[in-house]
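Structural features, examined
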Amino acid sequence: MSTTTTDTKRPAAAAPKTAAGKAADYLDQRTSVGVAVKEFARKIFPDHWSFMLGEFALYSFVVLLISGVFLALFFQPSMALVYYEGENPASMHGELMSIAFASTLDLSFEVRGGLLMRQIHHWAALVFMASIVTHMMRVFFTGAFRKPRELNWLVGMLLMILGLLAGFSGYSLPDDVLSGNGLRITDGVVKSIPIIGSYMSYFIFGGEFPGEHIIARLFTVHILLVPALILALIGLHLFLMVLHKHTQFPGGGRTDKNVVGYPLFPVYAAKMGGNFFLTFGVLALMGATMSINNVWNYGPYDPSPVGAGAQPDWYMLFLEGSLRLMPGQTEYVIAGYTLSLNVLIPAVIIPGLLFTFLFVYPFVEAKVTGDTREHHVLDRPRNVPVRTGLGVAFLTAFIILAVAGSNDLVATHFQMSLNAITWALRILFFVGPVIAFWITKRICLGLQRKDRELVLHGHESGRIVRFANGEYIEVHTPLDDQERWLRVNYDAYKPLEIAPATDARGVKRKGYKADKRWQRLSKFFFEDRVEPVTPSELAAAHSHGEHDSLGSVHEQHDALPAGASSTEQER
Amino acid sequence: MKALAARRHHRAAPVVLLLLALLVTGGVYAVLAPSPAQAETASTADIETGKKLFQANCATCHGPNAEGTAEAPSLVGVGAAAVDFQVSTGRMPMQMNGPQAMAKPPQMDEEQTAALAAYVASLGAGPAIPTDEQVDPALGDPAHGMALFRTNCSMCHNAVGAGGALSEGKWAPPLTDVSPRNIYQAMLTGPQSMPVFNDANITPEDKRDIIAFLDEQRDGSAGGISLGSLGPVSEGLWAWVVGLGLLIAGAVWIGAKSS
Ligand code: HEM
């Protein structure tokens, strides 16, 4: 076979000698994959630990796929009833339960490695969602969602929601008391939707709750529908990421026109491999040593009991908390129909508002900045005080709801009254985000002013000099180029300017009202701002008085070379 | 097999601990703990001692003849079981005025407790202290106990008895290291916010099954560290702290290695 290859156009010297080389050559000749590999291997990735958060989500998903396939080999999604034959655990022996629950017990106590796999799967689900959320925080606070990446933000949002759906459907599969409680709440929430609610509930459960179909249906959703969608969207997400190339943190030599970092091969690939094994290792360690969802503690589902400490997994806690905080009196009967605002508001409207905020934020921000340029250099969170404030306010609301979802545990562990906690959180839910916003914005503005100060006057050196005329000054050492670059290269947007209400002939302009509204929002964003130091300001600062003869360097902050060991590439 | 060995090991632990606690607080008498049956056949001497102890320690609240005052309920007819439960868990004599009388290290030794119980039992018929056999977890059926616990107790005490919150600062305590005798008595007498589960409600055999179930929980979890058996909230917290914590630490470390 090798003769045929050498006989074609290429010179004999290029013929690969090793087995791996031959295989690669074989592939390359048939697919020209080499071109793509070469292109891809030279792709430059900027470097920062927070760029790994998304990767952790990806690797946890791989763990979920592998452990999930194992579970699917043994789990039986049936709600038919059986008496549990197994000896272990003793508290379940001879109990009447669904086949789904019995097979979960079987998986845990009879199948070799089954409990380990269940625990790895569940821990991986929790870590998957945690890394998605932290990844989103990174993207939000650094403004990585700006043009051209708004679409990828939307893809990410869908992935997050699908993750919630995956977790929820999986949590419901074992058919223990907790998962049944969760489904019961879902049923209630669906039924609270006016007019179509009860029909939808019947549709979902195939009759009155709990019925006999829901586990089998959720099984299909959980192992087929949602993972397939997630996989497809992850593909799109990564494709867009490679297409746009990764964003980079600000710094000398980094512009919207280049990418500074390490080539995918070998540096970045090695790091990715390292992170992959790290994720596998951590999840395996957790699965092996920390118990999670011991369903035999809760027992088979039965609609009557609800244990103290019955909660959903953490990523659903905000919903639980929202329900717990809502006063129950808001249920009305209108002309014989019940309108359950006590469920509708906390379980549909509040999460709806939260998600809508995340969905539309990039577009709103684009509109109020009036900025249509592409951005590839990230923002330092302090340089966009209102965005950072809104993000922190959002997180505050989310955390308050999650704490409300755990109010009983807070009560027992901090010896407080459950009623007092609930009232405090009700108030905090409205006040907390506002306070958090205000404090964060102030801190950001303060940090920006500090930056200005530093750029203009340099670091305090602690060296006091006395002049001949008796005057004391402290010598300030000027910032080096990298430090200065970081602090002066940002956009301080001004509130939008809009066309006047009437045109030249005094005719009312269409769309003025909408413009006015956008302008007001824009004012909210950019009224308070700290402008970056301009080159002339810097020059002025350096030449006032004779003190700067003490060794300050005059330099314009123009293009700097990128860091020594990294590579630069055109976008 | 390993699990079996661990189980035996664990089963002894609470008993040893209990004995130690009694040794410290009750002195030598603790070792020769009077069998609860003695309380029923209490001598008049016991009742006399009990009465004296009562007058010294309890009468300020419960009244000189245990008839009750504005502060505390009458103890006529609450039975020896109620006194034994309240005093041996340290709840009585009550100290702090809070939402709920706190359990604390018992102030009376075994003998004094028995005397107090005998005295109160002599005031009017009430539930007696259960016998050792009635509370022996080895004789109960944990599976049946679990079913009963799930429907009768888990809404307050959590699915495996890890404890839970009630309204207005009250709480249902964790049952992880309550003695079998006290578990039985708690059901029988319903302390404070807890309902009474009399013998018609949950038969003596059923009570023993519940004790067997709670005893089984002390063997630990098959899955590893139990994380307090508090359910998804503590699991979520650990997923963030251990899971994400290790991942980010690892990422920072790998990042530092490469550059
Ligand atoms: C997309 C991300 C996924 C998430 C967030 C997720 C989450 C979960 C969760 C929280 C459970 C409950 C586990 C327990 O404690 O028993 C579960 C169960 C299960 N999952 Fe997943 N899962 C995912 C993907 C998959 C995939 C891809 C498969 C199979 C191909 C799968 C198969 C299963 C099975 C069979 C169960 C029931 C196991 C049992 O009850 O013991 N999962 N999943």
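Labelled according to an unreviewed UniProt entry, chain B appears under the name Cytochrome bc1 complex cytochrome c subunit, originating from Xylanimonas oleitrophica. UniProt annotates chain B under Catalytic activity (unreviewed entry) with the comment "a quinol + 2 Fe(III)-[cytochrome c](out) = a quinone + 2 Fe(II)-[cytochrome c](out) + 2 H(+)(out)". Annotation of chain B in UniProt includes, under Subunit (unreviewed entry), the sentence "The cytochrome bc1 complex is composed of a cytochrome b (QcrB), the Rieske iron-sulfur protein (QcrA) and a diheme cytochrome c (QcrC) subunit."

Per an unreviewed UniProt entry, chain A is named Cytochrome bc1 complex cytochrome b subunit, and its organism is Xylanimonas oleitrophica. Database annotation for chain A, UniProt heading Subcellular location (unreviewed entry): "Cell membrane". Within the UniProt record for chain A, the comment given under Cofactor (unreviewed entry) is "heme".

Quick word on the interface of chain B and chain A
The interface of chain B with chain A comprises 53 residues on the first partner and 67 residues on the second. Where chain B abuts chain A, roughly 4,400 Å² becomes buried across the two surfaces, and 69% of that area is made up of carbon and sulfur atoms. Across the chain B-chain A interface, the total number found is one salt bridge. Between Arg150 of chain B and Glu95 of chain A there is a salt bridge, with the nearest N and O atoms lying 3.3 Å from each other.

Focus on the packing of helix H8 (residues 177-192) of chain A against helix H14 (residues 341-369) of chain A
Residues and elements named next belong to chain A. In the contact formed by H8 and H14, the axes pass within 9 Å of each other and the chain directions differ by 105 degrees. Compared by their axis directions, H8 and H14 come out roughly perpendicular. Contacts between H8 and H14 pair Gly188, Val189 and Ser192 from the former with Val343, Leu344, Ala347 and Val348 from the latter. Split by residue class, the contact of H8 with H14 holds five nonpolar, two polar and no charged.

A word on the site of the ligand
Residues and elements named next belong to chain A. Near the ligand, the surroundings consist of 27 residues, among which Arg118, His121, His122, His222 and Asn293 are the closest. One of the side-chain nitrogen or oxygen atoms of His122 is found 2.5 Å away from an oxygen atom of the ligand. Side-chain polar atom of His222 to a nitrogen atom of the ligand: 2.8 Å apart, as the coordinates give it. Contributing elements (two or more residues each) for the shell around the ligand: helix H4 (53-74), helix H5 (99-109), helix H6 (114-141), helix H7 (150-172) and helix H10 (214-244). In terms of residue count, the dominant contributor to the shell around the ligand is H4 (seven residues). Residue classes in the shell around the ligand are distributed as 17 nonpolar, eight polar and two charged.

Quick notes on the state of the cysteines
Residues and elements named next belong to chain B. Summed over all chains, the structure comprises zero disulfides over all chains. Here Cys156 stays free of any disulfide, with the sulfur of Cys153 as its closest cysteine sulfur at 8.5 Å. By relative accessible area, which is 27% here, Cys156 ends up partly exposed.

So, the UniProt feature "domain: Cytochrome b/b6 N-terminal region profile" (unreviewed entry) in chain A
UniProt marks residues 23-250 of chain A with the feature "domain: Cytochrome b/b6 N-terminal region profile" (unreviewed entry), using the numbering shown here. Helix makes up 69% of residues 23-250 of chain A and strand makes up 4%, while its end C-alpha atoms are separated by 42 Å.

Remarks on the UniProt feature "binding site: heme c 2" (unreviewed entry) in chain B
On the UniProt side, "binding site: heme c 2" (unreviewed entry) is annotated at positions that read Cys153, Cys156 and His157 of chain B here. Tracing the backbone shows Cys156 of chain B in helix H8 (residues 154-157). Once residues lying within four places of it in the same chain are set aside, the contact partners of Cys156 of chain B are Ala308 of chain A together with Gly163, Gly164, Leu166 and Ala172 of chain B. One can find His157 of chain B in helix H8. Setting aside chain neighbours within four positions, we find His157 of chain B in contact with Ala308 of chain A together with Phe149, Ala162, Gly163, Gly164, Ala172, Pro173, Leu175 and Met194 of chain B.

Digging into the coordination of the iron atom of the ligand
Residue and element names in this part refer to chain A. Coordination of the iron atom of the ligand by the protein comes from His121 (NE2) and His222 (NE2), over a distance range of 1.9 to 2.0 Å. What the six donor atoms of the iron atom of the ligand show is an angle range of 88 to 179 degrees at the metal, which sorts the shape as octahedral. A residue pair is termed long-range when its members are at least 10 positions apart, and His121 in helix H6 and His222 in helix H10 qualify at 101 residues. On the accessibility criterion, His121 (16% relative accessible area) is buried. On the basis of relative accessible area, His222 is assigned to the buried category, the value being 15%.

Things to note about a positive patch on the surface
Side chains of Lys508, Lys513, Lys516, Arg517, Arg520 and Lys523 of chain A sit close together on the surface and give a patch of like positive charge. Tracing the chain through its elements places Arg517 of chain A in helix H19 (residues 512-526).

Thoughts on a nonpolar patch on the surface
A contiguous nonpolar surface patch, about 940 Å² in accessible area, is contributed by Trp423, Ile427, Phe430, Val431, Ile435, Trp438, Ile439, Ile443 and Leu447 of chain A. Mapped onto the fold, Ile443 of chain A is located in helix H17 (residues 418-457).

Quick notes on the confidence of the model for chain B
Residues and elements named next belong to chain B. Of all residues in chain B, 82% attain a pLDDT of 70 or more, and the chain-wide mean is 81. The model gives residues 28-40 a pLDDT under 50, and that stretch makes 13 contacts with residues more than four places away or in other chains. Here the prediction assigns the complex a pTM of 0.85, and the interface score ipTM is 0.86.

Here we look at the sheet that holds strand E9 (residues 567-570) of chain A
Residues and elements named next belong to chain A. Read from one edge of the open sheet, three strands run E1-E4-E9, paired in antiparallel fashion. Each of the sheet's edge strands pairs with one partner strand only, and the pair in question is strand E1 (44-45) and E9. Of the pairings in the sheet, the one linking E1 to strand E4 (residues 258-263) comprises two bridges and is antiparallel in character. From the neighbouring strand, Phe45 faces E4, where its bridge partner is Tyr262. With respect to the sheet, helix H11 (residues 264-289) is in contact with E1 and E4, its orientation differing from that of E4 by roughly 75 degrees.

A word on the UniProt feature "domain: Cytochrome b/b6 C-terminal region profile" (unreviewed entry) in chain A
In the numbering adopted here, UniProt assigns the feature "domain: Cytochrome b/b6 C-terminal region profile" (unreviewed entry) to residues 251-446 of chain A. The span residues 251-446 of chain A is 64% helical and 7% strand by assignment, and the distance between its end C-alpha atoms comes to 21 Å.

A short note on the nonpolar core
Core analysis: the biggest nonpolar cluster contains 102 residues, and Trp123, Met129, Trp153, Met160, Ile230, Trp314 and Leu358 of chain A have the highest contact counts within it. If you count residues domain by domain, this core takes at least three from each of domain 2 (44-303 + 358-379) and domain 3 (380-492 + 529-571) of chain A. If we ignore the near neighbours within four places in the chain, the residues touching Met129 of chain A are Met160, Gly163, Leu164, Trp314 and Tyr315 of chain A. Judged by nonpolar contacts, the second largest core, of 27 residues, contains Phe101, Ala102 and Leu115 of chain A together with Ile202 of chain B.

A closer look at the packing of aromatic side chains
Given two aromatic rings, one states the distance between the centres and the angle between the planes to describe the pair. All names here are of chain A. According to the stated counting rule, one finds 31 aromatic pairs over all chains in the structure shown. With 5.0 Å between their ring centres and 50 degrees between their planes, Phe140 and Tyr361 make a pair best called tilted. Remark: Tyr361 occurs in helix H14 and Phe140 occurs in helix H6; sequence separation between them is 221 residues. Relative to Phe280, the ring of Phe276 lies with its centre 4.7 Å away and its plane at 35 degrees, an arrangement referred to as tilted. One end of the pair is Phe276 and the other is Phe280, both in helix H11 and four residues apart, which spans about a single turn.

Calculation criteria
Here the residue numbers are simple positions, counted from 1 along each chain's written sequence. As a convention, the first chain written is A and the first ligand written is 1, with the rest following in written order. Reporting in this predicted model follows two pLDDT cut-offs: at least 70 for local features of residues, and 80 or more for side-chain atom pairs to be given and counted; totals over whole chains, interfaces and linings ignore these cut-offs and use all residues. Excluded from the side-chain calculation are hydrogens and water; included are all heavy atoms of the structure. UniProt positions are given in the numbering used here, feature names are shortened, and annotations may be inferred rather than shown by experiment. Only heavy atoms matter for contacts: two residues are in contact if any of them lie within 4.5 Å across the pair. What gets called buried area is simply the loss in accessible area from a 1.4 Å probe that two parts show on being joined, summed for both. Salt bridge, as used here: a side-chain nitrogen of Lys or Arg that lies within 4 Å of a carboxyl oxygen of Asp or Glu. Only the contacting stretch of a helix is used when fitting its axis, a line to C-alpha atoms as for every element, and angles between N-to-C directions run 0 to 180 degrees. A run of H or I in DSSP counts as a helix once it spans at least four residues, and a run of E counts as a strand once it spans at least two, with each numbered from the N terminus. When describing relative orientation, an angle under 35 degrees is termed roughly parallel and one over 145 degrees roughly antiparallel, while 65 to 115 degrees is termed roughly perpendicular and anything else oblique. Residues were grouped as follows: Ala, Val, Leu, Ile, Met, Phe, Trp, Tyr, Cys and Pro as nonpolar; Asp, Glu, Lys and Arg as charged; and all remaining residues, including Gly, as polar. The nearness test applies per residue and asks whether one of its heavy atoms lies within 4 Å of the molecule or strand. In protein, a polar contact requires one atom able to donate a hydrogen and another able to accept it; more generally it is a pair of N or O atoms within 3.5 Å, and residues adjacent in sequence count only if both atoms are side-chain atoms. Count a disulfide wherever a pair of cysteine sulfur atoms falls within 2.5 Å. Remark: exposure states derive from per-residue accessible area (1.4 Å probe, protein chains only) relative to the maximum for the residue type, with buried under 20%, exposed over 50%, and partly exposed in between. For Na, K and Ca the donor cutoff is 3.2 Å, while for all other metals N, O and S atoms must lie within 2.8 Å; water is not among the atoms, so some sites may look incomplete. A four-donor site is classed as tetrahedral when every donor-metal-donor angle falls between 85 and 135 degrees; four donors are called square planar, and six octahedral, when trans pairs exceed 155 degrees and all remaining angles lie between 65 and 115, with any other arrangement labelled irregular. Only residues whose relative accessible area exceeds 30% and that form no salt bridge are eligible for patches; like-charged ones are grouped when within 9 Å, while nonpolar side chains (Val, Leu, Ile, Met, Phe, Trp, Tyr) are grouped when within 5 Å. In this description, accessible areas are obtained by the Shrake-Rupley approach with a 1.4 Å probe, and a residue is regarded as covered only by the protein chains that are shown. By the counting scheme adopted, Arg and Lys are positive, Glu and Asp are negative, and His together with the chain ends is not counted. The atoms used to mark charge sites are NZ of Lys, CZ of Arg, CG of Asp and CD of Glu. Scored from 0 to 100, pLDDT records how confident the predictor is in each individual residue. Paired strands, in this sense, are two strands between which DSSP finds at least two bridges. Put simply, a nonpolar core is a bunch of buried Ala, Val, Leu, Ile, Met, Phe, Trp, Tyr and Cys residues held in one set by side-chain atoms that sit within 4.5 Å of each other. Boundaries between domains were set according to an automatic or database domain assignment. Put simply, two rings from Phe, Tyr or Trp (the six-membered ring, in Trp's case) pair if the centres are within 6.5 Å, and we call them stacked under 30 degrees between planes, edge-to-face over 60, tilted for the rest.

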